[in-house]
Amino acid sequence: MKRERKLDKMVITSEAQYKEAYKKSVEDPQAFWAGIAENFQWHKKWDRVLSYDWSVPETKWFEGGKLNITENCLDRHLKERGQQTAIIWEPNDPGDDVRKITYAELHEYVCRFANVLKDNGIGKGDRVCIYMPMLIELTVAVLACARVGAIHSVVFAGFSARSLATRINDSQCKMLITADGGFRGTKNIPLKEIADEALDHCPSVENVIIYKNTGQSIEWVSERDHWWHLETRNASPEFTAEVMDAEDPLFILYTSGSTGNPKGMVHSCAGYMVYTTYTFKNVFQYKDGDIYWCTADIGWITGHSYIIYGPLAAGATTLMFEGIPSYPDNGRFWEVCAKHKVTHFYTAPTAIRALEKHPVSLVEKHDLSGLKVLGSVGEPINREAWMWYSKHIGKDKCPVVDTWWQTETGGILISSLAGVTRQKATFATLPMPGIQAILLDNEGKELKSDTAEGTLAIKYPWPSIARTIYGDHDRYKKVYFSAFKDHYFPGDGALKDEEGNYRITGRVDDVVIVSGHNLGTAPIENAINEHEMVVESAVVGYPHPIKGNALYAYVITYSNTEEANQKLEDEIKGLVARTIGAIAKPEEIQFVPGLPKTRSGKIMRRILRKVASGECENLGDTSTLLNPDIVNEIISGKVNTN
Ligand code: WTA
């Protein structure tokens, strides 16, 4: 019992305690985080809690500490919770069997697979790419990598062969773990086929392990390809976890940037573990016996931190869902909540907006009385969606936590604590203990007045900040630490009310959040420009009632006929889907004779954004344009987005 109580010691249970914890975390951050870190299992405690220099930039937490995160997620629970369900797996098709796996079984499965990794030459520091559907085996693969000390790089299974290859090559992965295919709604995604196409361009990959999921026929490359079930069959169920340094990398996860290739954010072992567990327990106020469901895909950070690591380190029961919210009907989420008596439900505003459009009877026919806490993540939640969520799903009795954070931050930075601190519709509310958030004006001066609107920045390290961009520390410095000296720059705008609550207003760079997915506009433009008939293109975001934002592409082509352009439109969308993934397809394409440019040749995106949003009257100063006439031509040909 002793160890379990240890984790509960970090839980804040009143507003006064939150204030006290916050105060301590700012006045003496090192003592504060040392106190939290005490509650975990270490092979050796740290020598130093924190050292950092954001002019380098460099951040180190719990240096000298030795641990393995999987011992905290699995081994430490065996005595008290070995027979407790660790993961409930709900299939895509409600007629298929549910799978449940206890902590003891998960421990054994992870150990078996860790042996498979080792037998295939994977060891500490090797990079392993995981391209899998939402199966228990995805979690097993992730944890097995962590157990052997390999660095996992999960790539969302909706990405194209090109995107997969780029990510594999960027971090020189030695192995790929995939499945024959994956079910999503009525679709069957041929993952192995896509992987084969990618691997033609990935010389670093020596071995591929394939989990048999759909049973579809696949091509086989002997020597390179191995079946998961054959490899694991005779593997030993015991594996001594590799002892890792606190600052050893745990994983790489790619996120879009405003320019160029995706950024491989690198997270390290100890700080990430401490912070995700701390925030999981406090934000969600998860109690023994609760059933927690985060609907994200493990291909994104939300899945890493709040399906796998945070909940498992906290000894929770976490639900993984293979399918999508609209299959077989738009009541699927609520059916799953009722079926498994879900107590904690964590999803994205896009899903809420899509589902609120359907008859509320789809909600009401399911028993949601088990729900205690609702969460939102990934993009700003509008008032209407917040109200609908709170009323129809939470029956006005469940707190709603709006959690603001990023791939780069590893865990939730701003959120209310469910039922403990105050909530306010559309506001993420207050920073977590340890998070020194501030607002800056354009010159980088802190806005100190009670209410303010500006650019969000964080002025002190927290344990789970990404340590670098894999292979490109200069870019890390440039993107996150150069906008404002000695501050972490998340790239979001925010406003603050008189009580200090933050509301995130959206990106301040060229990243567009479409249905909760970050998409840099530059890579999409590059994909479009690959079409031989395209001269140049510019992609911007505009508000969309369900997706939050959608993409609007302005394209200059060599052809001028409407007929040719119609065909081109389909080809361009197909090209983007193949190059990046279906999520990056522009909603609208407008063929234009030119793009508004400054005298230095820079595209004036501000104008394009306004036109796409239908705000054609108030375009601001266009006098600095090289070609001001083009603006009216663009407006007259605008695609109707309302
Ligand atoms: C946006 C997802 C408003 C924000 C965890 C951020 C949000 C980007 C919220 C990171 C929220 C995330 N309210 N905006 N609660 N949560 N965002 O890396 O713009 O996929 O910078 O991490 O999503 O997206 P990412």
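Residues numbered from 1 in each chain as written. Predicted model: local features only at pLDDT ≥ 70, side-chain atom pairs only at ≥ 80, totals over all residues. Heavy atoms only, no water.

In space, the eight strands of this open sheet follow the order β12-β11-β8-β6-β7-β14-β15-β23, with mixed pairing throughout. Every other strand in the sheet has two partners, leaving β12 (225-227) and β23 (468-469) as the edge strands with one partner each. Across the sheet, helix α11 (residues 269-284) touches β14 (249-255) and β15 (263-268), and the angle it forms with β15 is around 80 degrees. (Pairing = 2+ DSSP bridges. Helix = DSSP H or I, 4+ residues; strand = E, 2+ residues; numbered from the N terminus. Contact = heavy atoms within 4.5 Å. Axes fitted to C-alpha atoms, helices over the stretch in contact; angles between N-to-C directions.)

Within strand β19 (residues 373-377), five of the five residues are buried, which leaves the element mostly enclosed by the surrounding structure. Here β19 shows two buried faces, one formed by Val373, Gly375 and Val377 and the other by Leu374 and Ser376. Pairing geometry for strand β18 (residues 344-347) and β19, over four bridges, is parallel. When the bridges of β19 are listed, His344 appears paired with Val373. (Buried < 20%, exposed > 50% of the residue type's maximum accessible area, 1.4 Å probe, protein only.)

Turning our attention to the packing of helix α14 (residues 349-356) against helix α16 (residues 383-393). Here α14 crosses α16 at 75 degrees, and the two axes come no closer than 9 Å. Considering the angle they form, α14 stands roughly perpendicular to α16. Residues Ile352, Arg353, Leu355 and Glu356 of α14 form the contact with α16, whose own contacting residues are Glu384, Ala385, Trp388 and Tyr389. Here the residues of the contact of α14 with α16 are counted per class, giving five nonpolar, no polar and three charged. (Parallel < 35°, antiparallel > 145°, perpendicular 65-115°, else oblique. Nonpolar A, V, L, I, M, F, W, Y, C, P; charged D, E, K, R; others polar.)

A few words now on helix α17 (residues 473-481). Taken together, the buried positions of α17 are Arg475, Tyr476, Tyr480 and Phe481. Packed against the buried residues of α17 are β15 and β23.

For residues other than glycine, phi is negative in most cases, and the peptide bonds are mostly trans. For the peptide bond that leads from Val56 to Pro57, omega is -10 degrees, which places it in the cis range. With omega at -5 degrees, the peptide bond leading from Tyr327 into Pro328 counts as cis. Tracing the backbone shows Pro328 in the loop between β17 (317-321) and α13 (332-339). In this model, Thr429 sits at a positive phi of 75 degrees, which is unusual for a non-glycine residue.

UniProt's entry tags residues 75-461 with the feature "domain: AMP-dependent synthetase/ligase" (unreviewed entry), counted in the numbering of this structure. Counting secondary structure, residues 75-461 comes out at 31% helix and 22% strand; the distance between its end C-alpha atoms is 30 Å. (UniProt positions renumbered as here; feature names shortened; annotations may be inferred.)

Before going further, it helps to examine the UniProt feature "domain: AMP-binding enzyme C-terminal" (unreviewed entry) in the protein. With numbering matched to this structure, UniProt assigns "domain: AMP-binding enzyme C-terminal" (unreviewed entry) to residues 524-602. Helix makes up 30% of residues 524-602 and strand makes up 32%, while its end C-alpha atoms are separated by 17 Å.

Okay, the layout of surface pockets next. The space that makes up the second largest pocket amounts to roughly 310 Å³. Along the wall of the second largest pocket there are 17 residues; nearest its centre are Tyr18, Tyr22, Leu430, Pro431 and Gly500. Those elements giving two or more residues to the lining of the second largest pocket turn out to be α2 (15-27) and β21 (437-440). A per-element tally of the lining of the second largest pocket places α2 first, with six residues. Of the residues that constitute the lining of the second largest pocket, the class distribution is eight nonpolar, two polar and seven charged. (1 Å grid on protein atoms, 1.4 Å probe; cavity = no way out; pocket = protein on both sides within 12 Å on 5 of 7 lines; lining within 4 Å. Points joined across faces, edges and corners; volume = space filled by probe spheres on them.)

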